[in-house]
Each structure stands twice: as structure tokens, then as C-alpha cells.
Amino acid sequence: MKGFIGLIKQATPASAGGDIPDTFFFSTAFADQGVDASSMVPWEARANEVGARRLAAGRGSKLLQELWSRDNFMARLGRDALQRLEKFLDFASLPANRDVIRQDEHGNFMLVLLSGSIAVDREQPWGERLHLTEARPGDILGEMSLLDSGPRFSVCTSLTDCEIAILGAQALDEMMATDPALAASLIALLARKLSRRMRVVSARLSEQQS
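Residues numbered from 1 in each chain as written. Predicted model: local features only at pLDDT ≥ 70, side-chain atom pairs only at ≥ 80, totals over all residues. Heavy atoms only, no water.

**Quick notes on the nonpolar core**
In plain terms, the rule: As used here, the term nonpolar core means buried Ala, Val, Leu, Ile, Met, Phe, Trp, Tyr and Cys residues forming a set that is joined through side-chain atoms within 4.5 Å. Throughout, exposure labels follow a simple rule: accessible area from a 1.4 Å probe, protein chains only, divided by the maximum for the residue type, with under 20% read as buried, over 50% as exposed, and the rest as partly exposed. Strands are runs of DSSP state E lasting at least 2 residues, helices are runs of H or I lasting at least 4, and numbering of each runs from the N terminus. Two residues form a contact once any of their heavy atoms are found within 4.5 Å.
W68, L77, L85, L114, L167 and M175 are the most contacted members of the largest nonpolar core, which has 32 residues in total. Residue assignment for this core shows that the elements contributing at least two residues are helix 4 (57-68), helix 5 (78-85), strand 6 (109-115), strand 11 (162-168), helix 7 (169-178) and helix 8 (180-209). With near-sequence residues (within four places) excluded, W68 lies in contact with M74, A75, L77, L82, L85, V112, G138 and I140. Formed by 19 residues, the second largest nonpolar core is a distinct cluster that contains L94, I101, L113 and L130.

Have a look at this one:
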């Protein structure tokens, strides 16, 4: 972990004349890959489109801490880290039947489902939707695009009214600058969970095609 923290600190040089580092490691990654900024969908735009409403941070943080304390991976953050994480998150509620994430778009946020249910589907070239899974409270969605700046792999649709926590690229950059130990722990756990989930999805796709 110390090596990982060192890499993060190297990526966050100190701002001129200030103690707080200035980093755009995640928030500029799309431009670095030649993605047109006009084609990127930030959370603010999607929130307006789906009719999301702001959720009280106290409630959102409490739900997140309860859910992740029971998660074999995310519980490793510990209570103190989860409390520090709150200031980097947005919390919102959204109605049912809304595409909160769309396949193949470029988005710079991930979300954690706090309550409700979200369908995760893969749209096939011939028009069929392949149902991959149904996200439950505590599940993370959209972290792959946040970490690698690639297009969204699936479409995520709310099946019920939902409450969610959102982490955007700018907030993650701020975390790297001001709390690199927390950022390193979070990114490592996200990568581990993502790897595990992609193995499951790959196996399911292989079964569907055989």
C-alpha cells in the first residue's frame, strides 16, 4: 500500500503558493484519450435528466456505512475512512424506470446503490438486451469508466425508487490531493471488486453464447 500511496503523491504535485496539491488525474483523463468533452455525461447532467433529488448527507452516509460494514471488501476501509469519505460524495434519490447509466457513453462518475434495485443489462448489436444482474444495496456501478475513462459497459436502469451515493472524477482528484491514503485504499478495493465482477460477467456471457 505504501508504494501505491507514493504513486498517488507523485501524481499530485503541490500547487504553486499553496499546501494543497493540484491534480486532475481523473477529471482530465477523457481528454487525454481524445474523447470530445461534449460527449461526456457528468453526474450533474444525468441527475437533471432523470429527475434525481438531493438526499441528506447524514442519511446517505449512514446507509453507506451500514451497507459497506457488511461487505467483505469495502469493510476494510474501516469506520474512520468511511466517515472521511462522506465529504467527497454526493447523495441523491431517483425514481423508478430511469437509465442512470447508459451503455457506450462516457461518464465521469460512479455510484453506490443505497436503497432500491437497479437492473444491469448489456445491449446486443442485434437489439436484444441481455440481463446481466440486478444491483442490490451496497453494490457499486460505473466504477470501470471512472477508473479507466473508457465507455460504459452496460446500461443501468432503476427498477424501483432508489437512493444512491455518487463519486465523481473531480471529487476523486480532490481525495487524491487531500487524503491520498483514503484514495489509495478506495481505488485498490474498487479495482479488486471490479476484477471479480468482470470475471463473473465474462463467464455469464460465455454461457449465453455457447
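Back to the write-up after that little detour.
**Brief notes about the confidence of the model for the protein chain**
So the rule is basically this: In predicted models, pLDDT denotes the confidence assigned by the predictor to each residue on a 0 to 100 scale.
Averaged over every residue, the pLDDT of the protein chain is 83; the share at 70 or more is 78%. Segment residues 1-21 is flagged for pLDDT under 50; beyond a separation of four residues in sequence, or across chains, it makes 28 contacts in the model.

**Considering the sheet that holds strand 6**
Sheet strands pair via backbone hydrogen bonds, and the direction of the pair is either parallel or antiparallel. The test is simple: DSSP-based pairing: two strands are paired if at least 2 bridges between them are found. What counts as an axis is a line fitted to C-alpha atoms, over the stretch in contact for a helix, and the angles between N-to-C directions run from 0 to 180 degrees.
Reading across the sheet, the five strands line up as 2-3-11-6-9 and stay open at both edges, with antiparallel pairing between neighbours. In this open sheet, the two edge strands, each paired with only one partner strand, are strand 2 (53-54) and strand 9 (140-141). In the sheet, strand 6 pairs with strand 9 via two bridges, with the strands oriented antiparallel. The partner of L111 across the bridge, within strand 9, is L141. Seen against the sheet, helix 4 touches strand 3 (90-94), strand 6, strand 9 and strand 11 and runs at an angle of roughly 85 degrees to strand 6.

**Quick word on helix 3 (residues 43-50)**
We count it as follows: Directions are taken from the helix axis to each C-beta atom, and the arc is the one they span.
Within helix 3, the full set of buried residues consists of W43, R46, A47 and V50. Around the axis of helix 3, the buried residues are gathered within 105 degrees of arc, so they sit on the same side. With respect to the buried face of helix 3, the exposed residues turned more than 90 degrees away are E44 and N48. On its buried side, helix 3 packs onto strand 1 (40-41), strand 3, strand 4 (99-101), strand 6 and strand 11.

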